Amino acid sequence: FKKGKSIEIICEVKYKPKIEEVDRYQLLSHVLATEAVIGVWISPKTENSSEGLEYIGSQAGKKFYHYRIDLTYDIDSGLSKLCLKMASLLNIEMS
């Protein structure tokens, strides 16, 4: 996700519900290389988790989140919710 010409958010999409250590290092390296401000893992919601954004922590002045997307019924709705949440991280209003 870009704001103007700068990359603000880098997202890493995973098919697996649990984010592992290697995934953390992968996203961290992408965020640092692109000078993004925020890194987000995106993975499918499971029976034991809820859809939405979870703050994971910060490293090297960068913030990291995990977004679980519900793809059970309506993929378009899930993607719309994801985009709205990413926009809110950048303080952008979307209609």
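On to the pairing of strand E5 (residues 52–59), then. Bridge count for E5 against strand E6 (residues 62–69) is 7 bridges, and the pairing is antiparallel. When the bridges of E6 are listed, glutamine 59 appears paired with lysine 62. Following E5, the chain reverses through 2 residues before pairing antiparallel with E6; alanine 60 in that reversal takes a positive phi of roughly 55°.

This next bit is on the packing of aromatic side chains. Enumeration over the complete set of coordinates arrives at 2 aromatic pairs. Arranged with centres 5.9 Å apart and planes meeting at 35°, the rings of tryptophan 41 and phenylalanine 64 form a pair that is tilted. Pair noted here: tryptophan 41 is in strand E4 (residues 38–44) and phenylalanine 64 is in strand E6, with a separation of 23 residues, a long-range link. Ring geometry for tyrosine 55 and tyrosine 65: centres 5.3 Å apart, planes at 65°, overall edge-to-face. On the criterion of sequence distance, the pair formed by tyrosine 55 in strand E5 and tyrosine 65 in strand E6 is long-range, its members being 10 residues apart.

Analysis parameters
- Residues numbered from 1 in each chain as written.
- Predicted model: local features only at pLDDT ≥ 70, side-chain atom pairs only at ≥ 80, totals over all residues.
- Heavy atoms only, no water.
- Pairing = 2+ DSSP bridges.
- Helix = DSSP H or I, 4+ residues; strand = E, 2+ residues; numbered from the N terminus.
- Phe/Tyr/Trp six-rings, centres within 6.5 Å; stacked < 30°, edge-to-face > 60°.

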